[in-house]
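Coordinate inspection notes
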Amino acid sequence: MSAVLTPATAPPGSARAAAGLVVLVAAQAMVLVDEMIVNIALPGLSGALATTPQQLSWVLNAYLLTFGGLLLLGGRAGDILGRRRVFLVGVALFTVASLARGLVPDAGTLIAARAVQGVGAALVSPSVLALVIGMYREAGARKRAIAVYTAVGGLGAAAGLLLAGVFTSVGSWRWVLMLNVPVGLLILAAAPFVVRETARRPGQFDVAGALTSALGVAALVWALSAVGSEGWSSPAVQVATAAGVGLLALFVAVERRARQPVVALGLLADRRRGLAYLAVLLVQGGQIGQLYFLTQFLQQGLGYSAMLAALSFLPVTATLLALAGVVVRLEARFGPRLPIAVGALALVASNLLLSRVDLSAAYAVDVLPALVLLGAGIAFGTIPATIAGTSGVVEAEYGSTSSVVTTVTTVGASLALATLVTVMTAAAEGAADPFTAGMSAAFVAGAAFAAATLVVALLMPNSPEQR
C-alpha cells in the first residue's frame, strides 16, 4: 500500500508547510499582542471590578510569574511529549483563559485567569520556535522562516498599538480582553492539518531542575518588573532578586548532575551560541525603551491621540519587514557577526537621536528617522542572533533551545526596562522638565545597551556551519 501524504506530514517547502508557518507565527503574534491588550483594558476593568492597586498589579504579575517561570519547562515538555501536542495544549489554555478573563465577576478570578494564561503562553512560545526550526530542514529555508518568526515581534507591537488606539475610544474592556478568543479557536482548528507532529522522545522530567528554573526565573522577572513602581531599594525587590539569582545558580548546579536536564548546559557552553543568547538579551535594551517611552512622549508631550501615536510607529514595522530578507542574505554570506553589529549601531544611533527630542520636536524631522533606524536595528540585531542561537542543535533539543531564546528575551526585556526606568527616575529628580530629562537619559542608557550588543557581536565567531 502506498503511503498517503496527509496535511500534517506534508514536506517542508510545500504549500502546507507555508500554511503551517502562518499558523505558528499567528500564535506567536497572539501572545505578543495580548500584553498590550491587557494594558488597554486596565483602566476600564479597574473601575468596573473595584480593584485595589495591589490587585491591579497582580493582574500583570500573575501572568509574568507563570509565563517567565515555565518557559524552560515548556520547551522541554515539547521535546518529550511532542511539540505540536504541547503547542495545542498551550493555545487551548491561552484561549480559554482569554475567554474567562472577559467574563470574570471579580478581581480574584481575573488574577487566576491571568495565571492560567501565563501557563498557556509558556507552552506556546518555545513550541512555536521549535516547530518552525523543525519544519524547515534546509538551512536557507529555515533562516527565512526564522526571519518571518522574528518579524512577528514588530508586527505584534504595531498591532497592539493600533488596537490600543481603536479600543481606547470604542471598546468595552470585557470584549477587548476576549479579542484573542476567535484567533485562538482558528489556530486550534487549523494547526492539526498544517503543522506536523514531532515524535515523542524517551525521557523524564527533571523535577529539581524544573522547580529551580521556574522559581528562579519567576522571581527574577517579578523583581525586575516591580522596580518601576517599588524601586531597587524595596526589600521585596531585593529579596526577589537575590532569590532569583540564587535559584538560577542552584539550577545550573542541578543541571550539571541531571541525567536528562531541562536544558543541556552544552547549549550554553558553545561560544557562538552563548554569545548569541547574550546578544538576544542585550538587544532588548536597545529597543524596548523607544517603544515604552516614546509612546508616552507622543501622547503626553506632543498631544497625540492613542490612534495617532500607534500610526506613528508603523515605519518601524515597515522597515523591519523590508529588511528581513536582506538580513537573511547577509547572514548567509558573512555569518552573524556583521549583521548583528550593523543592528547594534542602528540602535545606538536611534537612541541617541531620540535623546535630543524635546517638546518642540517635529515628527518628520526628529522622530521618523529614529524609528526607521529602530526598525533596521531590530531586523539586523534580532534575526541573525536568533539564527545563531538555534543553529547546530540536534532535533531532540529544539524545544530546549527555543525555550532558552524565549527566556533570555523575556528576562532581557524585564532587565532593560527596569534599568531604563531607574535611570529615568534618577535623571528626572530636580530637572526643570522631569519627563523630558528622564526620557533623554533613558535613551542614552538604551544606546549603552546597544553598544554592549555591538561588543558581543564583535566577539562572536563566524563558524563554518553558520556561513
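A quick note: this is a predicted structure, and the numbers were derived from the prediction, not measured. (Residues numbered from 1 in each chain as written. Predicted model: local features only at pLDDT ≥ 70, side-chain atom pairs only at ≥ 80, totals over all residues. Heavy atoms only, no water.)

By the definition in use, this model includes two cavities of 30 Å³ or more. By volume, the second largest cavity amounts to about 40 Å³. Residues belonging to the lining of the second largest cavity are distributed by class as follows: three nonpolar, two polar and one charged. (1 Å grid on protein atoms, 1.4 Å probe; cavity = no way out; pocket = protein on both sides within 12 Å on 5 of 7 lines; lining within 4 Å. Points joined across faces, edges and corners; volume = space filled by probe spheres on them. Nonpolar A, V, L, I, M, F, W, Y, C, P; charged D, E, K, R; others polar.)

Our next topic: the environment of A243. Of note, A243 is situated in helix α9 (residues 235–257). By relative accessible area, A243 is classed as partly exposed at 32%. Taking the C-alpha atoms as reference points, A243 and G216, 27 residues apart in sequence, are found 6.8 Å from one another. (Helix = DSSP H or I, 4+ residues; strand = E, 2+ residues; numbered from the N terminus. Buried < 20%, exposed > 50% of the residue type's maximum accessible area, 1.4 Å probe, protein only.)

Turning to the confidence of the model for the chain, a few remarks are in order. For the chain, per-residue confidence averages 86 on the pLDDT scale, and 92% of positions sit at 70 or higher. Confidence scores differ between elements of the chain, with helix α5 (residues 139–170) showing the lowest mean pLDDT of 74 and helix α14 (residues 337–354) the highest of 97. Note that residues 1–13 has pLDDT below 50 and, in this model, 18 contacts with residues that lie over four places away or in other chains. (pLDDT = per-residue confidence, 0-100. Contact = heavy atoms within 4.5 Å.)

For the rest of this paragraph, the subject is the nonpolar core. If you look at the biggest cluster of nonpolar residues, it comprises 104 residues, and the most contacted ones within it are L24, F87, V128, F293 and L294. If one sorts the elements of this core by residue count, helix α11 (residues 271–301) sits on top with 13 residues. The contact partners of V128, leaving out residues within four places of it in the chain, are L24, A27, Q28, F87 and Y149. Counting residues in hydrophobic clusters, the runner-up holds 16 residues, among them V38, I40, A41 and V104. (Core = buried A, V, L, I, M, F, W, Y, C linked by side-chain atoms within 4.5 Å.)

Relative to the helices and strands, S312 is located in helix α12 (residues 306–312). For S312, a relative accessible area of 5% puts it in the buried group. If near-sequence neighbours (up to four positions away) are discounted, S312 is found in contact with L298, Y304, Y363 and L371.

A separate point is the packing of aromatic side chains. All chains considered together, the criterion is met by three aromatic pairs. Both rings, one in Y292 and one in F293, keep their centres 5.0 Å apart while their planes meet at 85 degrees; by these two values the pair is edge-to-face. Ring geometry for F293 versus F443: centroids 6.4 Å apart, planes at 90 degrees, classification edge-to-face. Taken together, the residues span a long stretch of sequence, with F293 in helix α11 and F443 in helix α17 (residues 434–459) at a distance of 150 residues. Per residue, the accessibility class of F293 equals that of F443, and both read buried. Of the aromatic side chains, those joined through ring pairs into one cluster are Y292, F293 and F443. (Phe/Tyr/Trp six-rings, centres within 6.5 Å; stacked < 30°, edge-to-face > 60°.)

Okay, the layout of surface pockets next. Roughly 500 Å³ of volume is contained in the second largest pocket. As for the second largest pocket, its lining consists of 17 residues, of which L248, L268, V404, T407 and V408 are closest to the centre. Where the lining of the second largest pocket is concerned, the elements lending two or more residues are α8 (207–230), α9, α11 and α16 (398–428). Of the residues contributing to the lining of the second largest pocket, the split by class is 15 nonpolar, two polar and no charged.

It is worth spelling out unusual backbone geometry at this point. In most cases, non-glycine residues show a negative phi, while peptide bonds are predominantly trans. The backbone of A50 sits at a positive phi, close to 50 degrees, despite the residue not being glycine. Here A50 shows up in the loop between α1 (15–48) and α2 (53–81).

Next up on the list: a nonpolar patch on the surface. A cluster of nonpolar side chains, contributed by M307, L308, L311 and L314, occupies part of the molecular surface with about 300 Å² of accessible area. It is α12 that provides the largest number of residues to the nonpolar patch, a total of three residues. Residue classification places M307 among the partly exposed positions, given a relative accessible area of 30%. (Patch = residues over 30% accessible without salt bridge, like charges linked within 9 Å, V, L, I, M, F, W, Y side chains within 5 Å. Areas by Shrake-Rupley, 256 points an atom, 1.4 Å probe, with all protein chains shown as cover. Salt bridge = Lys/Arg side-chain N within 4 Å of Asp/Glu carboxyl O.)

Where α8 contacts α9, the two axes come as close as 7 Å, and the packing angle between them is 155 degrees. On the basis of the axis angle, α8 is roughly antiparallel to α9. Along this stretch, α8 crosses α9, giving a crossing that reads as left-handed. In terms of residue class, the contact of α8 with α9 is built from 18 nonpolar, six polar and two charged. (Axes fitted to C-alpha atoms, helices over the stretch in contact; angles between N-to-C directions. Parallel < 35°, antiparallel > 145°, perpendicular 65-115°, else oblique. Left-handed = near helix turned anticlockwise from the far one by under 90°.)

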